[in-house]
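A closer look at the structure
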Amino acid sequence: MPADERSAVRRESARASAPRPLTAAPAPAGVPLPPGLALRGRLATGARRPVTPRATGRGGSGSRTPRSGRGGGPRRAYERARRAWDRPLTAYYVILGSSLLITVLGLVMVYSASMIKALDISKPATYFFGKQFLAAVIGGGLMLIAARMPVKLHRGLAYPILMVTVFLMVLVQVPGIGMSVNGNQNWLYLGGPFQLQPSEFGKLALILWGADLLARKQDKRLLTQWKHMLVPLVPVAFMLLGLIMLGGDMGTAIILTAILFGLLWLAGAPTRLFAGVLGFAAVLAFLLIRTSPNRMSRLACMGVSEPDPEGGCWQAAHGIYALASGGWFGSGLGASVEKWGQLPEPHTDFIFAITGEELGLAGTLSVLALFAALGYAGIRVAGRTEDPFVRYAAGGVTTWITAQAVINIGAVLGLLPIAGVPLPLFSYGGSALLPTMFAVGLMIAFAREDPAAKAALAMRKPGVRWKTMRRRVKKRPSGER
């Protein structure tokens with residue numbers, strides 16, 4: 001075949017194999033086709049789009065996992081929960097939501113558990129609830145302020161809070177100024193029905209000051225030396241413990257010791273150093289308990305199911321009675337029997353027992369779940385930050401709240417000695433509620449300082465959200481958007 005014919009054949013075959021251009025469907029007679037519908041008309045003629053092949057196997061590069069049905073099974077639910085927990089603002093919402101729920105439920109239970117006690121001392125039924133509600137309002141303001149404060153300002157407040165707390169704790173021991181409540185000389189009279197317990201603020205002061213101290217030493221790479229890890233953190237903590245023990249408050253001293261060990265653990269204290277300090281604290285605690293008949297009697301009440309004939313372990317036994325009579329869903333809100341004079345301190349140390357009696361196992365498990373969520377969110381904030389101060393402070397606050405909750409609930413269940421510490425954010429007591437709510441605001445501020453959380457919060461602003469959610473499509477020559 002000549003060369004001219006061969007080239008002509010090639011051109012004809014190439015023209016035949018080329019894809020046909022999409023043409024618009026013919027418009028009906030007398031009806032012009034709008035230019036904006038040209039593309040849709042082309043697709044309506046039945047022209048086929050190019051189909052990209054997909055691999056149906058699991059290992060194919062273009063494979064897609066088929067969508068399951070509505071249920072999806074437990075694995076799909078687990079994946080959704082894991083993705084939801086990994087979102088930047090999860091810790092922020094969990095800390096805020098769980099702390100507010102605990103506080104609101106605590107207000108309800110304080111009102112229910114304290115009505116008979118208030119009437120017994122010739123006060124209105126809402127006497128203790130009114131004081132707790134006022135403390136919750138003030139504490140809410142402190143939480144909001146702490147949540148909006150920058151981290152640098154929190155670090156700047158560490159030394160002033162410590163000095164003011166030490167001054168107030170010394171003032172408590174001055175005769176004529178300090179007050180004794182239930183045998184503990186740890187109170188200041190503020191006038192009227194209001195009192196203040198400075199040792200509760202000592203927990204917050206130790207956390208802020210200790211976190212700032214350890215953060216500065218870590219920046220200078222001094223925490224590898226024992227003397228820099230222990231001094232002056234341990235001496236200052238022992239000074240606070242001594243001032244607390246002068247008033248006889250063993251429960252607060254135990255919480256302060258737990259905070260100290262939490263800070264040392266976060267700072268990476270060696271096992272030998274940690275064991276040495278723990279052993280010294282255990283020996284000191286044994287001596288303090290052994291030399292006090294009251295503390296020995298509390299230790300002997302662990303695990304009792306009924307009071308002895310002489311009236312000992314009365315509170316521990318009736319706490320178990322309250323929990324046992326609650327059943328699955330309780331006897332009903334306000335229908336407790338033990339708060340009618342049988343259970344001492346039903347609205348403070350043993351409010352968890354009244355919760356079990358009135359709300360049952362469902363109510364107590366709900367309280368435990370809220371504390372577990374709050375503690376886990378605090379661990380997440382401490383573990384995901386790059387700032388050493390944030391890590392130490394968040395870890396210290398988490399240690400404080402969880403340790404105090406475990407000691408209080410363990411005493412009600414008969415698993416631990418009765419230490420006389422309130423349930424955080426739940427029990428009656430403004431002196432305990434105010435610093436705890438400030439500490440919760442501290443953790444909220446730390447959760448907001450995370451870079452991913454900052455970006456997520458910035459996206460929620462009205463202007464930014466409108467700009468990001470608006471479709472940005474360029475105009476086409478045909479006039480279609």
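Residues numbered from 1 in each chain as written. Predicted model: local features only at pLDDT ≥ 70, side-chain atom pairs only at ≥ 80, totals over all residues. Heavy atoms only, no water.

This paragraph deals with the overall build of the protein chain. When helices and strands are counted, the protein chain shows 19 helices and 3 strands. The proportion of buried residues among the 481 residues of the protein chain is 40%. Restricting to contacts in the protein chain with at least 6 residues of sequence separation, those with at least 24 account for 68%. Carbon and sulfur atoms form 64% of the exposed surface of the protein chain, whose accessible area is close to 27200 Å². (Helix = DSSP H or I, 4+ residues; strand = E, 2+ residues; numbered from the N terminus. Buried < 20%, exposed > 50% of the residue type's maximum accessible area, 1.4 Å probe, protein only. Contact = heavy atoms within 4.5 Å. Areas by Shrake-Rupley, 256 points an atom, 1.4 Å probe, with all protein chains shown as cover.)

With that settled, consider the packing of helix α11 (residues 250-266) against helix α12 (residues 271-290). As a packed pair, α11 and α12 sit with axes 11 Å apart at the nearest point and diverge in direction by 175°. Between α11 and α12, the angle is such that the two are roughly antiparallel. Where α11 abuts α12, its residues Met250, Thr257, Phe261, Leu264 and Trp265 lie against Phe274, Val277, Leu278, Ala281, Ala285, Leu288 and Ile289. Tallied by class, residues from the contact of α11 with α12 come to 11 nonpolar, 1 polar and no charged. (Axes fitted to C-alpha atoms, helices over the stretch in contact; angles between N-to-C directions. Parallel < 35°, antiparallel > 145°, perpendicular 65-115°, else oblique. Nonpolar A, V, L, I, M, F, W, Y, C, P; charged D, E, K, R; others polar.)

Taken as a whole and assessed by the stated rule, the structure comprises 1 disulfide. Here cysteine 301 pairs with cysteine 313 through a disulfide, and the sulfurs are 2.0 Å apart. The disulfide joining cysteine 301 to cysteine 313 has a torsion of about -90° about its S-S bond and is therefore left-handed. Of this pair, cysteine 301 sits in the loop between α13 (293-300) and α14 (314-324) while cysteine 313 sits in the loop between α13 and α14, and the two are 12 residues apart along the sequence. (Disulfide = S-S within 2.5 Å.)

Below, the discussion takes up the sheet that holds strand β1 (residues 178-181). Pairing is antiparallel across the open sheet formed by 3 strands, whose spatial order is β1-β2-β3. Looking at strand neighbours, the two that pair on one side only are β1 and β3 (194-196), the edges of this open sheet. Geometrically, the sheet is characterised by an average inter-axis angle of 55° between neighbouring strands, direction not taken into account. Pairing of strand β2 (residues 184-191) with β3 involves 3 bridges; the strand directions are antiparallel. Considered in β3, the bridge of leucine 188 is made with leucine 196. (Pairing = 2+ DSSP bridges.)

Within a regular beta strand, the side chains point alternately toward one face of the sheet and then the other, so they alternate between its two faces. With 3 bridges connecting them, β1 and β2 associate as antiparallel partners. When the bridges of β2 are listed, glycine 178 appears paired with leucine 188. With antiparallel pairing between neighbouring strands as the criterion, β1 and β2 make up a hairpin whose turn holds 2 residues, including asparagine 182 at a positive phi of roughly 55°.

On the surface, a nonpolar cluster with roughly 580 Å² of combined accessible area is contributed by Trp328, Phe329, Leu361, Leu365 and Leu368. Along the chain, leucine 368 turns up in helix α15 (residues 351-384). By relative accessible area, leucine 368 is classed as partly exposed at 37%. (Patch = residues over 30% accessible without salt bridge, like charges linked within 9 Å, V, L, I, M, F, W, Y side chains within 5 Å. Salt bridge = Lys/Arg side-chain N within 4 Å of Asp/Glu carboxyl O.)

The subject of this paragraph is the environment of glutamine 404. Summarising the element assignment, glutamine 404 is placed in helix α16 (residues 388-412). Here the alpha-carbon distance between glutamine 404 and glycine 251, two residues 153 residues apart in the chain, equals 8.9 Å. Once residues within four sequence positions are removed from consideration, glutamine 404 is found in contact with Lys203, Ile255, Val421, Pro422 and Pro424. At 2.9 Å, the side chain of glutamine 404 and the side chain of lysine 203 are in polar contact. (Polar contact = N/O pair within 3.5 Å; in protein donor to acceptor, adjacent residues only side chain to side chain.)

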